[in-house]
Amino acid sequence: DLPTENSSNWTDSEKKKLMELLDRLPDQFKTIPFDGFYRMKKSVDLTNPGTTVDDGSAIVIYDRAFANPFLSTSQVITHELGHVIYLHFKESERRSYRDSLKWKIDLDGSSSRPGNFISSRAEDDIAEDFAENISSFLFQPAGLTSNVPLAYDWILKKFTKNFKLSEECRDAKK
């Protein structure tokens, strides 16, 4: 038996954070087929702040996304939305990303690519690399440009220069 994950209720503060982020995201995030966000206490993978359902239909956000001072809740959610985008890509789009960043897939299913990664998590596989790069493109574009310029260029070409966060409203900064 696999351990089960326990659901949790969204707090008003968490809902507000989520809604503010969703309002700021580029339009491309608003057109993907997606059932919604679910809130749970903790993942069976204890270090995981969020997860995307295998078919890309939903995202689960765990306590760790809100309680860990070293994590940005907005970046966790954007990372998970990056997975949803990747899962809904056509095979030709996935291949384009893979080839542009020079990912190699071995016969045993393992994958690797040359060059720098934006994070250690991005080294896991192509989908993690994409999700980490999407989040970095939106929140730390200078870091992505200098560390993984091929990813920055691919994302810019795919989504255009309008693929950016809208400005926060003044009330959200308080």
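Overview of the structure. (Residues numbered from 1 in each chain as written. Predicted model: local features only at pLDDT ≥ 70, side-chain atom pairs only at ≥ 80, totals over all residues. Heavy atoms only, no water.)

## Things to note about the overall build of the chain
This is how it is decided: Here a helix means four or more residues in a row that DSSP labels H or I, a strand means two or more in a row labelled E, and each is numbered from the N terminus. We compute the radius of gyration from the C-alpha atoms alone; for a globule the expected value is 2.2 Å times N to the 0.38, where N is the number of residues. Burial classification: accessible surface area is computed with a 1.4 Å probe over protein chains only, and a residue below 20% of its type maximum counts as buried, one above 50% as exposed, and the rest as partly exposed. Working rule for contacts: check all heavy atoms of both residues, and any pair within 4.5 Å makes them a contact. The accessible surface values rely on the Shrake-Rupley method and a 1.4 Å probe; as for residues, cover is taken only from the protein chains in view.
Helix and strand counts for the chain come out as eight helices and five strands. Reading the secondary structure of the chain in the N-to-C direction produces α-β-β-β-α-α-α-β-β-α-α-α-α. Against the compact-globule benchmark of 16 Å for 174 residues, the chain has a radius of gyration of 16 Å, which places it among compact chains. Judged by the C-alpha coordinates and their principal axes, the chain covers about 50 × 45 × 30 Å. Considering the chain as a whole, with its 174 residues, one finds that 41% of them fall into the buried category. Pairs at least 24 apart in sequence give 58% of the contacts found in the chain among residues at least 6 apart. Accessible surface computed for the chain: about 10400 Å², of which carbon and sulfur atoms make up 50%.

## Some points on the side chain of Arg-39
Relative to the assigned elements, Arg-39 resides in strand S1 (residues 36-40). Ignoring any residue separated from it by four or fewer positions in sequence, one finds Arg-39 in contact with Ser-7, Ser-8, Asn-9, Trp-10, Glu-14, Ile-61, Tyr-62, Asp-63 and Phe-66.

## A look at the pattern of salt bridges
Heads up, the rule is: When a carboxyl oxygen of Asp or Glu lies within 4 Å of a side-chain nitrogen of Lys or Arg, that pair is called a salt bridge.
Scanning the entire structure with this criterion turns up 10 salt bridges. Arg-121 is the partner of Asp-124 in a salt bridge, and the nearest nitrogen-oxygen pair spans 2.4 Å. The class of Asp-124 is partly exposed, set by a relative accessible area of 41%. You can call Arg-121 partly exposed: its relative accessible area is 36%.

## Focus: the environment of Phe-137
For Phe-137, the location among the structural elements is in helix H5 (residues 126-139). A relative accessible area of 6% places Phe-137 in the buried class. Separated by 82 residues in the primary sequence, Phe-137 and Asp-55 place their C-alpha atoms 24 Å from one another. Excluding its chain neighbours within four sequence positions, the residues that come into contact with Phe-137 are Leu-144, Tyr-152, Ile-155, Leu-156 and Phe-163.

## A few points about helix H7 (residues 149-159)
Keep this limit in mind: Within this analysis, the arc is defined by the directions that extend from the helix axis to the C-beta atoms.
Every buried residue of H7 is listed here: Ala-151, Tyr-152, Trp-154, Ile-155 and Phe-159. One side of H7 holds all its buried residues, which, seen down the axis, span an arc of 165°. Against the buried residues of H7 lie helix H3 (73-88), helix H4 (91-100), H5 and helix H6 (141-147).

## A short note on the nonpolar core
We count it as follows: In these notes, a set of buried Ala, Val, Leu, Ile, Met, Phe, Trp, Tyr and Cys residues joined through side-chain atoms within 4.5 Å is what counts as a nonpolar core.
Ranked by internal contacts, the top residues of the largest apolar core, which has 36 residues, are Phe-29, Leu-81, Phe-130, Ile-155, Phe-159 and Phe-163. Sorting the residues of this core by element identifies helix H1 (12-24), strand S3 (58-62), helix H2 (63-67), H3, H5 and H7 as the ones contributing at least two each. With six residues, the top contributor of residues to this core is H3. Not counting chain neighbours up to four residues away, the residues in contact with Phe-130 comprise Gly-82, Ile-85, Tyr-86, Phe-89, Tyr-97, Trp-154 and Phe-159.

## Points about unusual backbone geometry
One non-glycine residue with positive phi stands out, namely Lys-102, at about 65°. Locating Lys-102 in the fold gives a position in the loop between H4 and strand S4 (104-105). For Lys-102, a relative accessible area of 44% translates into the label partly exposed. With a phi close to 75°, Thr-160 is a non-glycine residue in the positive phi region. Here Thr-160 shows up in the loop between H7 and helix H8 (170-173). Thr-160 sits in the partly exposed class, given a relative accessible area of 41%.

## Regarding the pairing of S1
Threshold: Should DSSP find at least two bridges between two strands, the strands are taken to pair.
The element S1 is extensively covered by neighbouring structure, given that four of its five residues are classed as buried. Taken together, the five bridges between S1 and S3 define a ladder with parallel strand orientation. Bridged to Gly-36 within S3 is Ala-58.

All we've got here are geometric facts, nothing functional implied.
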